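So the chains spell out like this:
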Amino acid sequence: VEVFKLKFKLLLSVAIAAVGAAMATASEHYVPGEVLVKFKSGSFFHQDTAHRRIFARPVQEFKQIGVQRIQLPRHMTVERAVEYYKQLPNVAYAEPNYKKQLIFRPNDPNYNQQWSFVNMQAELGWAMTLGDPDVIIAIIDTGVQLNHPDLESKLVPGYNFSENNNNADDYHGHGTHCAGIAAAATNNGVGVAGIGFNSRIMPIKIFPNATISAVTGAVTFAADNGAKVLSMSYGGYFYSQTEFDALEYASNKGCVLVAGAGNDNVDERFYPAAYNHVIAVGSTNQQDQKSDFSQFGNWVDVAAPGSNIYSTMRGSTYSYSSGTSMSTPQVAGLAALIVAQAGLDIEPAEVRNIIESSTDPVGNWVKTGRVNAYKALLNVIPPIGFEAQVEDVSMFVGSSAFGDATVLHNFDQQRYVLNSTTSPLGQVAGAEVLMNLGAPNGDLIRLNLEVVAAGPRGSTGMIWLYNWNNGQYEFYRAFPIQEEEVIRFFPIDHTGPYVGSEGHIKFITRAHKGTRFNPHIPFTYYINHVKLSGAVRPPRN
Ligand SMILES: [Ca+2]
Ligand SMILES: [Ca+2]
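What counts and what doesn't
Residues numbered from 1 in each chain as written. Chains lettered and ligands numbered in written order. Predicted model: local features only at pLDDT ≥ 70, side-chain atom pairs only at ≥ 80, totals over all residues. Heavy atoms only, no water. Donors = N, O, S within 2.8 Å, 3.2 Å for Na, K, Ca; no water. Tetrahedral: all angles 85-135°; square planar, octahedral: opposite > 155°, others 65-115°. Buried < 20%, exposed > 50% of the residue type's maximum accessible area, 1.4 Å probe, protein only. Axes fitted to C-alpha atoms, helices over the stretch in contact; angles between N-to-C directions. Helix = DSSP H or I, 4+ residues; strand = E, 2+ residues; numbered from the N terminus. Parallel < 35°, antiparallel > 145°, perpendicular 65-115°, else oblique. Contact = heavy atoms within 4.5 Å. Nonpolar A, V, L, I, M, F, W, Y, C, P; charged D, E, K, R; others polar. Pairing = 2+ DSSP bridges. Expected span 1.5 Å × (residues − 1). Arc of directions from axis to C-beta. Polar contact = N/O pair within 3.5 Å; in protein donor to acceptor, adjacent residues only side chain to side chain. Left-handed = near helix turned anticlockwise from the far one by under 90°.

Trainee: It is not clear to me how the coordination of the calcium ion (ligand 2) should be interpreted in this structure. Could you clarify?
Mentor: Metal coordination angles have textbook ideals: 109.5 degrees for a tetrahedral set of four donors and 90 or 180 degrees for an octahedral set of six. Distances from the calcium ion (ligand 2) to its protein donors, Val-407 (O), Asn-410 (O), Asp-412 (OD), Gln-414 (O), Asn-528 (O) and Asn-528 (OD1), fall within 2.3 to 2.4 Å. Coordination at the calcium ion (ligand 2) comes from six donor atoms whose angles at the metal span 68 to 163°, giving a geometry best classed as irregular. The sequence motif formed by the donor residues of the calcium ion (ligand 2) is V-x2-N-x1-D-x1-Q-x113-N. Take Val-407: its relative accessible area is 9%, and that puts it in the buried class.

Trainee: Mind showing me how you'd approach the packing of helix 7 (residues 212–224) against helix 8 (residues 241–252) here?
Mentor: A pair of packed helices can be characterised by two numbers: the angle between their axes and the separation between those axes. Two numbers describe how helix 7 lies on helix 8: the axes approach to 9 Å, and their chain directions differ by 5°. On the basis of their axis angle, the class for helix 7 and helix 8 is roughly parallel. Across the interface between the two elements, Ile-212, Val-215, Thr-216, Val-219, Thr-220, Ala-223 and Asp-224 of helix 7 pack against Thr-242, Glu-243, Ala-246, Leu-247, Tyr-249 and Ala-250 of helix 8. Classifying every residue of the contact of helix 7 with helix 8 by side-chain character gives eight nonpolar, three polar and two charged.

Trainee: What's the story with the sheet that holds strand 7 (residues 159–160) in this structure? I'm lost.
Mentor: Within a sheet, each strand pairs with its neighbour through backbone hydrogen bonds, oriented either parallel or antiparallel. The strand order 7-8-6-9-10-11-12 describes an open sheet built from seven strands, whose pairing is parallel. Pairing within the sheet leaves two strands with one partner each, and these edge strands are strand 7 and strand 12 (302–305). Across four bridges, strand 11 (residues 279–284) lies against strand 12 in parallel orientation. Each residue of the ladder has a partner; that of Val-281, found in strand 12, is Val-302. In this fold helix 6 (residues 174–183) packs onto strand 6 (136–141) and strand 8 (200–205), with an angle of close to 160° to the strand it touches most, strand 6.

Trainee: Sorry if this is basic, but what is going on with helix 8 here?
Mentor: Side chains of residues three or four places apart in an α-helix project in the same direction, reflecting 3.6 residues per turn. The end-to-end C-alpha distance of helix 8, which contains 12 residues, comes to 16 Å, matching closely the 16 Å that a straight helix rising 1.5 Å per residue would cover. By the burial criterion, the buried members of helix 8 are Glu-243, Phe-244, Ala-246, Leu-247, Ala-250 and Ser-251. Down the axis of helix 8, the sector holding all buried residues measures 165°, keeping them to one side. Taken together, the buried residues of helix 8 touch helix 7, strand 9 (227–232), strand 10 (256–260) and helix 10 (348–356). Put simply, Ser-240 is the residue that caps the front of helix 8, since its side-chain oxygen is 3.2 Å from the backbone nitrogen of Thr-242.

Trainee: Got a minute to help me understand the packing of helix 6 against helix 9 (residues 324–342) in this structure?
Mentor: Direction vectors running N to C along helix 6 and helix 9 enclose 35°, while the axes themselves pass 7 Å from each other. As for the relative orientation of helix 6 and helix 9, their crossing is right-handed in sense. In contact with His-174, His-177, Cys-178, Ile-181 and Ala-182 of helix 6, helix 9 contributes Ser-325, Met-326, Pro-329, Gln-330 and Gly-333.

Trainee: Quick question: what am I supposed to make of the sheet that holds strand 3 (residues 57–62) here?
Mentor: If you walk across this open sheet you meet the four strands as 3-4-2-5, and the pairing is antiparallel. If you trace the sheet from one side to the other, it starts and ends with strand 3 and strand 5 (91–98), each paired once. Put simply, the sheet's adjacent strands are angled 30° from each other on average, direction ignored. Where strand 2 (residues 30–39) lies against strand 5, six bridges are found, and the strand directions are antiparallel. Bridge pairing in strand 5 places Phe-39 opposite Val-91. Contacts from helix 3 (residues 78–86) reach strand 2, strand 4 (67–71) and strand 5 within the one sheet, and its direction differs from that of strand 2 by about 10°.

Trainee: Hey, could you run me through unusual backbone geometry in this one?
Mentor: Excluding glycine, residues mostly carry a negative phi; peptide bonds, for their part, are mostly trans. Following Phe-207, the chain continues to Pro-208 via a peptide bond in cis, the omega torsion being 10°. Topologically, Pro-208 is positioned in the loop between strand 8 and helix 7. Across the junction of Tyr-271 and Pro-272, the peptide omega takes the value 20°, indicating a cis bond. Positive phi outside glycine occurs at Asn-187, with the angle close to 60°. Considering the arrangement of structural elements, one finds Asn-187 in the loop between helix 6 and strand 8.

Trainee: Is there a simple way to explain the pairing of strand 19 (residues 426–436) in this structure?
Mentor: When a strand is regular, its side chains alternate between the sheet's two faces. With nine of 11 residues buried, strand 19 is to be regarded as a mostly interior element. Direction of pairing for strand 15 (residues 384–397) relative to strand 19: antiparallel, over a ladder of six bridges. Residue pairing for strand 19: Ser-394 is matched across the bridge by Glu-432. Counting the residues that bridge the hairpin from strand 18 (residues 421–423) to strand 19 gives two residues. Summarising the sheet, strand 19 and strand 24 (residues 504–513) pair through 10 bridges and their orientation is antiparallel. Its bridge partner being in strand 24, Asn-436 is matched across the sheet by His-504.

Trainee: Please explain the coordination of the calcium ion (ligand 1) as it appears in this structure.
Mentor: On the protein side, the calcium ion (ligand 1) has Asp-108 (OD), Asp-150 (OD), Asp-150 (OD), Ala-185 (O), Asn-188 (OD1), Val-190 (O) and Val-192 (O) as donor atoms, found 2.2 to 2.7 Å from it. The class for Ala-185 is buried, based on a relative accessible area of 5%.

Trainee: Even after reading the chapter, I still don't get the pairing of strand 6, so can you show me in this structure?
Mentor: Of all six residues that make up strand 6, six are buried, and the element is covered over most of its length. By the alternation rule, side chains of strand 6 split into Ile-136, Ala-138 and Ile-140 and Ile-137, Ile-139 and Asp-141, which are all buried. Across six bridges, strand 6 lies against strand 8 in parallel orientation. Counted as the bridge partner of Ile-136 is Arg-200 from strand 8. The pairing of strand 6 with strand 9 spans five bridges and is parallel. Paired with Ile-140 across the strands is Met-232, a residue of strand 9.

Dropping the structure here:
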């Protein structure tokens, strides 16, 4: 998933808020990339045309009730597709393919030995998200048993920084136990469940030779190879500037950092937990009391279950273990669920804030309290969707043009009509279009331009985006023009230079027919509809 960012400090427009409300709540609840459509009885030809216009295709049909399941093109949202099909005269209804879900109790046979899920209200949390395989938790530890039946399917390639090779297999058992707590294969009918559910694991071995240089290699490797959460169930009493710098590097790359506070039952800072960009995790028992062994003090940020925790063990088995080592991957798994719910671009500080502000009180030995998955996920603010319409349109190249901005607001019978002119390249016609995001306050995380146009067979369409930094148009995408009007999607990467300080986006859409055709025969380029949509992550207050 590409991530685009830009700070906006403009006012929230009414239209944006309305669209946002619908988009913000739904995406977890239906299958992305498909919709269900019922056509009124009529010719198959019209159904086929309806699909072709947006490059969609039916993949299943329920003939008894006349409903088709439609696969959408890559950049079309479900909301947009529902809106598109609904406005067609021969469509009776269109709706998302909603998912049914139970309040989730996984079927792992040893699940009822895992008391931590009760205390953390994991089942209510999983009803909101089961996590995302794209969210990867690095378990920096003794390695992970790579062929453990309850872990094997969850692993991405890791590394061994203890012996400096590719074999991150576990020699000890500690890392295998931590990996299972964070994200054992869950609801697979085998062994235990992991709080991070569908999240995946990157096994990184640093023991037995866990020096600062090994740790630095591990942390930078995890950050560079797509881990979003780093789970560090190890530590020491010495502050290292190298270790601090490595963790700061990972944090700046977007990694959430979680570490155990130590098992010596003292108020003494333990590193890496005590570095300021790391979430320091103390341990609680089943009665929500401080575990006897747990470190304490106001530098311990949160607590999580760590006494008698049942999880995967080396030798393809399972066992109980205790320690802040066990508390750490609980928080790492929860962080991964939060990332799944919020989107991979969420800032580590934001994830931390959500975790720390949603705990249950367990006494003043810890700065906040024991983590609660349900309350944390309730705290996640999903991105808010928005749409923008054309503000202005004018002829950029051509012989004549008819229409104004309003004709581009809807996919309907009204079109902006451009007649081509002769150029050294052949015949060309192009319009300059100005759009205003009227953007809300927050970080822009997605932007998608949508153009519905038609022109002569054999002509090439082009999109040129205006770069507000250097004041020049830059070629963005070419696309084949068709005689039939179709919806084209242009996801805009690196939005920074293409969004002006007032929230404006300017682009040229043009059609061009080369000299291999008769260069003196003009054509007409029809633009029916132009829209910009995207999502913004609102700031928290
Ligand atoms: Ca399992
Ligand atoms: Ca129109």
